[in-house]
Amino acid sequence: MQPKGLRALALFLAFTSLVLLPAAPSLRAQNVETSEKANERLRALAATSKHTAAPSDYVIGPGDLINVQVFDVPEMSRELRVSQTGSIGMPLVPVRMHIAGLTELQTEQKITEILEANGLISHPEVSVTVKEKKSRPITIVGAVARPMVYEADRQVTLIDVLAQAGGITPDAADHVIVTRPERDPSADTSVDASQPLPVADPAKSGAPAASNDKSAASAEPPQIAPPLVNTITVNLSPILETGDMANNVVVQPGDVVTVPHAGIVYVLGAVSKPGGYTVTNDRAQLSTLKILSLAGGLDRTAKSDHAVIVRKDGTGQQHEVEVDLKKVMKFEAEDVQLRPSDILYIPRSAGKQAAIRAAELATAVGTGVLIYRLVP
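Every chain is numbered on its own, with residues counted from 1 as its sequence reads. Local features in this predicted model are restricted to residues whose pLDDT is 70 or higher, and side-chain atom pairs enter the listing and the counts only when it is 80 or higher, whereas totals over whole chains, interfaces and linings include all residues. The side-chain numbers reported here are obtained from all heavy atoms of the structure, hydrogens and water having been left aside.

Student: How would you sum up the pattern of salt bridges? Please name residues and give values.
Tutor: Note on pairing: side chains with opposite charge can pair once their charged atoms come close. Between Lys or Arg on one side and Asp or Glu on the other, a salt bridge is scored when a side-chain nitrogen of the former is within 4 Å of a carboxyl oxygen of the latter. Per the stated rule, a full pass over the model turns up five salt bridges. Arg180 is the partner of Asp255 in a salt bridge, and the nearest nitrogen-oxygen pair spans 2.8 Å. Taken together, the residues span a long stretch of sequence, with Asp255 in the loop between strand S11 (250-251) and strand S12 (256-259) and Arg180 in strand S9 (residues 175-182) at a distance of 75 residues. Exposure remark for Arg180: the relative accessible area of 14% places this residue in the buried category. Residues Asp299 and Arg348 are paired through a salt bridge, measuring 2.6 Å at the closest nitrogen-oxygen approach. Helix and strand assignments follow DSSP, with helices taken as H or I runs no shorter than four residues and strands as E runs no shorter than two, numbered in order from the N terminus. Each residue gets one of three labels from its accessible area relative to the maximum for its type: buried under 20%, exposed over 50%, partly exposed in between, using a 1.4 Å probe on protein chains only.

Student: Please provide a residue-by-residue account of the packing of aromatic side chains, values included.
Tutor: For any pair of aromatic rings, geometry is given as the distance between the ring centres together with the angle between the planes. Only rings of Phe, Tyr and Trp enter the pairing, Trp through its six-membered ring, and a pair is recorded when the two centres are within 6.5 Å. The plane angle decides the type: under 30 degrees is stacked, over 60 is edge-to-face, the rest tilted. Tallied over the full model, the rule gives zero aromatic pairs. Sitting over the ring of Tyr58, Lys133 keeps its end group 4.9 Å from the ring centre. Charge-over-ring contacts are defined here by two conditions on Lys NZ or Arg CZ: a distance within 6 Å of the ring centre and an angle within 35 degrees of the ring normal.

Student: Which residues make up the sheet that holds strand S2 (residues 78-81), and what values do they have?
Tutor: In any sheet, the strands associate via hydrogen bonds between backbone groups, in a parallel or an antiparallel arrangement. Note on pairing: two strands pair once DSSP finds at least 2 bridges between them. Sheet architecture is open: three strands sit in the order S2-S1-S5, paired in antiparallel fashion. Only two strands of the sheet have a single partner each, and these edge strands are S2 and strand S5 (126-132). If you compare each strand with its neighbour and ignore which way they point, the axes differ by 30° on average. Examined bridge by bridge, strand S1 (residues 65-70) and S5 share six bridges and lie antiparallel to one another. Each residue of the ladder has a partner; that of Gln69, found in S5, is Ser127. Angular values range over 0 to 180 degrees, each being the angle between N-to-C directions of two axes fitted as lines to C-alpha atoms, with helices fitted over their stretch in contact.

Student: Explain the side chain of Ser287 to me, and be specific about the residues and the numbers.
Tutor: With respect to the helices and strands, Ser287 occurs in the loop between strand S14 (275-278) and helix H8 (288-294). Its relative accessible area of 7% is what places Ser287 among the buried residues. Counted as a polar contact is a pair of N or O atoms within 3.5 Å, where, for protein atoms, one must be capable of donating a hydrogen and the other of accepting one, and residues adjacent in sequence contribute only when both atoms are in side chains. Here Asp335 takes part through its side chain, which lies 2.5 Å from a polar atom of the side chain of Ser287. Note on definitions: a residue-residue contact is assigned when non-hydrogen atoms from the two residues lie within 4.5 Å. In contact with Ser287, other than residues within four places in its own chain, are Asp335, Val336, Gln337 and Leu338.

Here is the structure:
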């Protein structure tokens, strides 16, 4: 074969391989990059809040483990766990000391006073340090990288606890729910022990006198009311997008911070970018047209009039809903709303694939012939 023919054949084969090489679909979650940027923003805001927060001493509470050291008195130096009532007991001390709500320095002063008052040690030197902080738990659950129980040693905000949990996951919703236990004021039934309880006089009140009937003594069991909770819903979008810290609420010990899962809708088949797309906003308005826009639209082989939505009902049964995307895109049919975990599948047309492959092959052959003729 002549050099001219070899060069033409090499160019022809190279061009044909490029034309006929199938494009590999890119499977990815639509907002992974957005989630990473949001977590970077969370960490930056949390670091800023730590620098701007005023330093404060840790307040001891129930469940904390403290280390008490009495100088030159090793038998009284030990680790003590604060009880649920907030008190501790020390050897030879006849009373339990209530230290919940005190700082380390205040606890040292209180122990010193009690040791002196009971004549146990004259001029004691006491040192108190907190070894385990268990009295200020904040629970973070839901769509976070590391669900955890965070022990706060200072005043913390919502951004702080989310950063401690590793940030939000790609399928996180755009809001956070803070559940806070609330004290029931009606539960305070304290009375003055020095005053007798009032007793109603049946003769004056007109009520029937008490009888010895056993049926009258059988009363309904008291109903235990559930604990009151206060629910706070915080929108994260202003914080992460504009840095508006008005919604960055202070999280209190005992709070449960829940980041809901927004859900994912999956698109498969003849689209430019198949994959999972997080439902972050306007879930009720999410539709097939919006998902197609996120997925880069249909490709040339799509059989758009035979698309299928695979959906599970409340019992877990899988159902298929046929959608004519061809009519939907022409506004001849109503757009179909999608739900989290739906799968939109657009099949490929075998006829279109064969026609496109034939057209590509013809183009490649024609180009090869042209190259053969032009190469000197």
